[in-house]
Amino acid sequence: MHSLDIMSSNSLNDLILEHIIDMGGMIRFEDFMKLALYTPGLGYYSSNLRKFGKYGDFVTAPELGQAFSSCIAKQCQQLFNSLPQKNILEIGAGSGQLAADLIKTLGSDLENYYILEVSADLQQRQKNIAPSVQHLHSLPQNFNGIILANEVLDAMPIAKFLHNSNGLQEYYVTSEFKFTTAAPSQQLVDYFVKTELEQHLTDEYSSEVNLWIPGWINSLYSCLNSGAILLFDYGFPRHEYYHEQRNTGTLMCHQQHKSHTDPLYMPGQQDITAHVDFTAVAEAGSNCGLDIAGYTSLASFLLNCGLVYDFHSTPAKTAELNLLTSPAEMGELFKAIALSKNIRESLMGFENFDRTHTL
Ligand SMILES: C[S@@+](CC[C@H](N)C(=O)[O-])C[C@H]1O[C@@H](n2cnc3c(N)ncnc32)[C@H](O)[C@@H]1O
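Residues numbered from 1 in each chain as written. Predicted model: local features only at pLDDT ≥ 70, side-chain atom pairs only at ≥ 80, totals over all residues.

Okay, the packing of helix α8 (residues 213-223) against helix α10 (residues 278-288) next. Here α8 crosses α10 at 45°, and the two axes come no closer than 9 Å. As far as their axial angle goes, α10 and α8 are oblique. Crossing hand, α8 versus α10: right-handed. For the pair α8 and α10, the contacting residues are Ile213, Pro214, Ile217, Asn218 and Tyr221 in the first and Ala280, Val281, Ala284, Gly285 and Cys288 in the second. (Axes fitted to C-alpha atoms, helices over the stretch in contact; angles between N-to-C directions. Helix = DSSP H or I, 4+ residues; strand = E, 2+ residues; numbered from the N terminus. Parallel < 35°, antiparallel > 145°, perpendicular 65-115°, else oblique. Left-handed = near helix turned anticlockwise from the far one by under 90°. Contact = placed C-beta atoms within 7 Å.)

So, in structure tokens, the structure goes:
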């Protein structure tokens, strides 16, 4: 288990406080989350804390073993047959484990493995584990290939809102590092109008919105000449996301494999994450001209890609497959969505149990 870095957390506190004072005494939670996760050198993802795996704060699918990456490799191989170039661009590659495994499995079937990663510390870790990856500083142009992002959408800063008899309010963070609500920002109001979100919400409803999704998807669309964007994350379609029983939202914090719901605790020393509204992802894709090539649960995606449950395998392997496929673990809550451009082939990962109609 990594130890906490109190000095770094205090430095980040000071920096955030300075920003709050500059902004007149409070900042939107989205800005707080961005600073807490991505301030160079001090933010959770930018610092040198060990985040992933058994000795970090949380475990992601590529960290569990080879099953996830071997299924993605099969999906890539199928798509490579009909693409002019066999390239992968991974966004937000974390420890680099998925990159290392895909490069090994795909071998000469792969031309280039690019990574776009915001954290300098993680770039270094990725290079150590997968030396042949090529880091990019911005999205490429005319990219032919497959864009992958596992648990990147859920690491984007979100706007937190409260909807009650006073209408829509947004959460802000004060200089005492406490939450307060005030008039919503124009971006949040515009999003509510565009998506007609209010119709989903009951009174005294608090949740979050990822306002970055449309711009981010649009930038992926613009860089892609032909290929598919495969996104994996925790989340649901909009009607489930904003279900009346989920009236306190989905925001969670992870520190040393313990979870809690206080994102203002020790900035920079814990992960802050929120589930993904996959309807928002699909809408953003359709709005810029991408095809929705499929949407399904992780378990279905893996089974469609030929995951075999071997009853004679080791206890570790059995545990990995259980975590990935059990409806009580990642199998159901974790989803895969594919957006494509200029390809005709249907994707094997979404052949059965496609749930695009639920978005
Ligand atoms: C929750 S981690 C997931 C890491 C890895 N994909 C995995 O599955 O283990 C989120 C990753 O996305 C990166 N990230 C977040 N937003 C990003 C963005 N807009 N562009 C590139 N990387 C981003 C973070 O630095 C981190 O590497």
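The structure having been displayed, the exposition proceeds.
This paragraph deals with helix α5 (residues 97-106). Here α5 lies mainly inside the structure; eight of its ten residues are buried. Taken residue by residue, α5 has Gln97, Leu98, Ala99, Ala100, Asp101, Leu102, Ile103 and Leu106 as its buried positions. For α5, the secondary structure elements touched by its buried residues are α3 (61-64), α4 (67-80), β2 (87-91), β3 (112-116), α6 (120-129) and β5 (143-150). Downstream of α5 by one or two residues, Gly107 has phi in the positive range, about 50°. (Buried ≥ 20, exposed ≤ 12 C-beta atoms within 10 Å, placed from the backbone.)

Let us look at the nonpolar core. Of all hydrophobic cores here, the largest spans 103 residues; its most connected members are Ala99, Val281, Leu324 and Ala338. Per-element accounting of this core gives the leading share, eight residues, to α4. If near-sequence neighbours (up to four positions away) are discounted, Ala338 is found in contact with Ala228, Ile229, Leu230, Ala293, Gly294, Leu347, Gly349 and Phe350. (Core = buried A, V, L, I, M, F, W, Y, C linked by C-beta atoms within 7 Å.)

To continue, consider unusual backbone geometry. Of note, Gln256 is a non-glycine position whose phi angle comes to about 50°, a positive value. Non-glycine residue Phe353 carries a positive phi angle of around 60°. Here Phe353 shows up in the segment after β16 (334-341). Judged by C-beta crowding, with 14 C-beta atoms within 10 Å, Phe353 ranks as partly exposed.

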